[in-house]
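The residues making up each chain are set out below.
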Amino acid sequence: MTQNPVSWLRRQAAGIVALVVMVSAFYAVKPDESSAAEKRELAKSFQFEPMSIAMPAGFKQQTVRKVNKAYKHIEAWISSVGAGVAMNDIDNDGLPNDLCITDPRIDQAVITPAPVPGRKSATYEPFALDMAPLPKSKYSAPIGCVPGDFNEDGATDLLVYYWGRTPVIFQQKKMAWDKKMPPKMECFEPIELVPGAGGGIYTGPLWNSNAAAVADFDGDGHKDLYIGNYFPESPVLDDTKDGGVTMNDSMSHAQNGGGGHFFLKTPGGYKWIPADKVVPEGREKGWTLAASATDVDGDLLPELYLGLDFGSTTLLHNRSTPGELKFVEVKASHNGIMPKSKEIGRSSFKGMGIDWADLNGDGILDAFLSNITTSFGIQESNYTFISKAKNLDDLHRKMSDKKAPWKDESASLNTAWSGWGWDAKMADFDNDGRPEITQATGFVKGKRSRWAQLQELATANDLLVRHPGAWPKVEAGDDLAGDQYLRFWTRNGGKYDNISPELGLDVPVPTRGIATGDADGDGRLDFVVARQWDAPVFYCNLSPAKNDFLGLKLVDDKGSPVVGAQVRVNFPDGKVLLGRVDGGSGHSGKRSTDVHIGLGKVSGPVQASISWRDTTGQVRKQALTLSPGWHSVQLGTEAKEK
């Protein structure tokens, strides 16, 4: 019997429609790759020279960490973080040409000079920070370092955070700073951030910290701290213990992590406030991998963005007052077109990095967030959240109504897929007025692929994944995204192109932290990359582009960077360029506290509007006419060029 074609088509209509939708979706979101010739042309504006970084000798090197016996079969997974880097001025020579590196190969926090060609100041021998006479633990390891003036005397101090103990501030002695002494351990005094850590052997809380941010959270004019923890308090690195540890209780909405802690600056030191007293319920016990403290709505109170592994990206609107912290979570308005996994506050991906910049030139900050985006592995998506607010006033109103008016446009911008993402930094490396996007990628390098087992884990029941024994082996020698490389995206019309191969940045080694700064003062941003279980690399910027820039060192009356200060460069045609003093946002890379803004080609001075809080918490704003180049400006009750 012959089948009626019309009847057959009617019965198959649902399947045909589904197939058409799937094929259409594939072609709608597949990467829009430019030709090799186009990428070579884009790359002509950039040039980076990789340079080795001096590290101290005498430390035994390792290739994997010792871990709790319950974690032994996933020792490589547990050992997959800890490579970090910060750029800043530690020796008081006026340049951010000093590095603070946390290196898991030796489990030390190291101070070392950037290998700048023709360095303008005397170099010094690299050294490891020693917390003696504070109590030590052989079951702890440094995970990250944040430079800052934490005692407000004008000298650069160093905050180091760890797995296995609470953070330590290495406070630089004022005399050494004033005399511009070459840095060495004797120039620093270690001080516990959390008092009462015990005697010679550390017996304090077993924090496992993975993120930190420095900002004036309560608007009193003084820098506060946020420390984000990954594992809950537990003996993660104690190989004499078997148990007492856990894994995440969900692959998408885990709420049994270490959460975080705030420290408000007071005349007597820091006041410790656990995050569960401040962060909204449901977000206070996340598995924190990244944090950003950045004012996005223009009121000079920094919002806090948390990159939570196994959980939702979390943007907290700051409504604090001096001495009192208050944050309210804001979320994207849900609709039937955008999947919840791609919305702020509802996502279920694995947030590992966060940075802010104005990507579309509307004078409002946009965000880039890293996730796992490995084809035929775990294919999530990076986020490129583009603001949809009309202006800053409109943005503030929406955020006050608990709304986050940003939309992920990573697919159309060609930034959605890269690899197993980590730290990200957006900066203008050729000074053309448009920021590039750099991103660290890769996880565990070895010879035995474990993707099949990881894919099984990703579909496991949430009742099982919290138990370490339920996890598949990821031991030394195993591989997960081990050949992925650093990404470098530059604007090409309405999208971005990754030109890492054209620039020689495509080294197949897992990377973690990225720090940026103009180490030699030539107006071109250099950057440093911390690599997991490999040597860090300094990339000296030799860009041939002949564009102008505005560089600002914004300091208070003691010479301390005014963290949170904002700069808007206004042009007669309405174009606006943004800059800010960042106190240490991201995963494990910390940019310098200088403000750097690429101007493109200009014919004379530019108008720079500077906004800041003075040391009393009073909001100040002032416009300055500045010529291209570097300037030092003192911010008090008014802005004065030094």
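By convention here, each chain's residues receive numbers from 1 onward along its written sequence. Predicted model: local features are reported for residues with pLDDT of at least 70 only, side-chain atom pairs are reported and counted for 80 or more only, and whole-chain, interface and lining totals are derived from all residues. Only hydrogens and water are set aside; all other atoms, that is, all heavy atoms of the structure, feed into the side-chain values.

**Structural notes on the overall build of the protein**
Quick reminder of the rule: Numbering goes from the N terminus for both helices and strands, where a helix is a DSSP run of H or I of at least four residues and a strand is a run of E of at least two. Each radius of gyration is computed over the set of C-alpha atoms, and the globule rule expresses the reference value as 2.2 Å times the number of residues to the power 0.38. When checking whether two residues touch, look at their non-hydrogen atoms; a contact exists if any pair is within 4.5 Å. For the accessible areas, the method is Shrake-Rupley and the probe is 1.4 Å, while residue cover comes only from the protein chains on display. Under the counting rule used here, the positive set is Lys and Arg, the negative set is Asp and Glu, and His together with the chain ends is not counted. Where a charge lies is defined by one atom per residue type, namely NZ (Lys), CZ (Arg), CG (Asp) and CD (Glu).
When you go through the protein residue by residue, the secondary structure sums to 10 helices and 39 strands. In summary, the protein has a C-alpha radius of gyration of 24 Å against a globular reference of 26 Å for 642 residues, a match within 12%. On the principal axes, the C-alpha backbone points of the protein span a range of 100 × 65 × 45 Å. Long-range contacts, defined here as pairs at least 24 residues apart, represent 64% of the contacts in the protein between residues at least 6 apart. Accessible surface, the protein as shown: approximately 24700 Å² in total, 53% of it carbon and sulfur. Computing the positive centroid from 71 side-chain charges and the negative centroid from 80, the protein places the two 4 Å apart.

**A word on the state of the cysteines**
Heads up, the condition is: The term disulfide is used for any two cysteine sulfur atoms that are within 2.5 Å.
Taken as a whole and judged by the stated rule, the model has one disulfide. The disulfide that involves Cys-100 links it to Cys-145, with 2.1 Å between the sulfurs. Since a negative S-S torsion denotes a left-handed disulfide, the Cys-100-Cys-145 link at about 105 degrees is right-handed. A residue pair is termed long-range when its members are at least 10 positions apart, and Cys-100 in strand S3 (residues 98-103) and Cys-145 in strand S6 (residues 141-148) qualify at 45 residues.

**Quick look at the sheet that holds strand S26 (residues 487-492)**
As a general point, the strands of a sheet are linked pairwise by backbone hydrogen bonds and lie either parallel or antiparallel. Spelled out, the test is: Strands qualify as paired when DSSP identifies two bridges or more between them. Orientation is described by lines fitted to C-alpha atoms, with helices fitted over the stretch in contact, and by angles between N-to-C directions that extend from 0 to 180 degrees.
If you trace the four strands from one edge of the open sheet to the other, you get S22-S23-S26-S27, paired in antiparallel fashion. Lying at the two open borders of the sheet, with one neighbouring strand each, are strand S22 (421-427) and strand S27 (495-498). Between one strand axis and the next, the sheet turns by 25 degrees as a mean value, whatever way the strands run. As defined by bridge partners, S22 adjoins strand S23 (residues 436-441) across five bridges and the pair is classed as antiparallel. Note that in S23 the partner of Ala-427 across the bridge is Glu-436. Packing of helix H3 (residues 36-43) onto the sheet brings it into contact with S26 and S27, and relative to S26 it is tilted by some 95 degrees.

**Quick word on the UniProt feature "domain: ASPIC/UnbV" (unreviewed entry) in the protein**
As a reminder, the rule being used: UniProt positions are given in the numbering used here, feature names are shortened, and annotations may be inferred rather than shown by experiment.
In the UniProt entry, the feature "domain: ASPIC/UnbV" (unreviewed entry) is given for residues 563-621. The straight-line gap between the two end C-alpha atoms of residues 563-621 is 15 Å; of that span, 0% is helix and 49% is strand.

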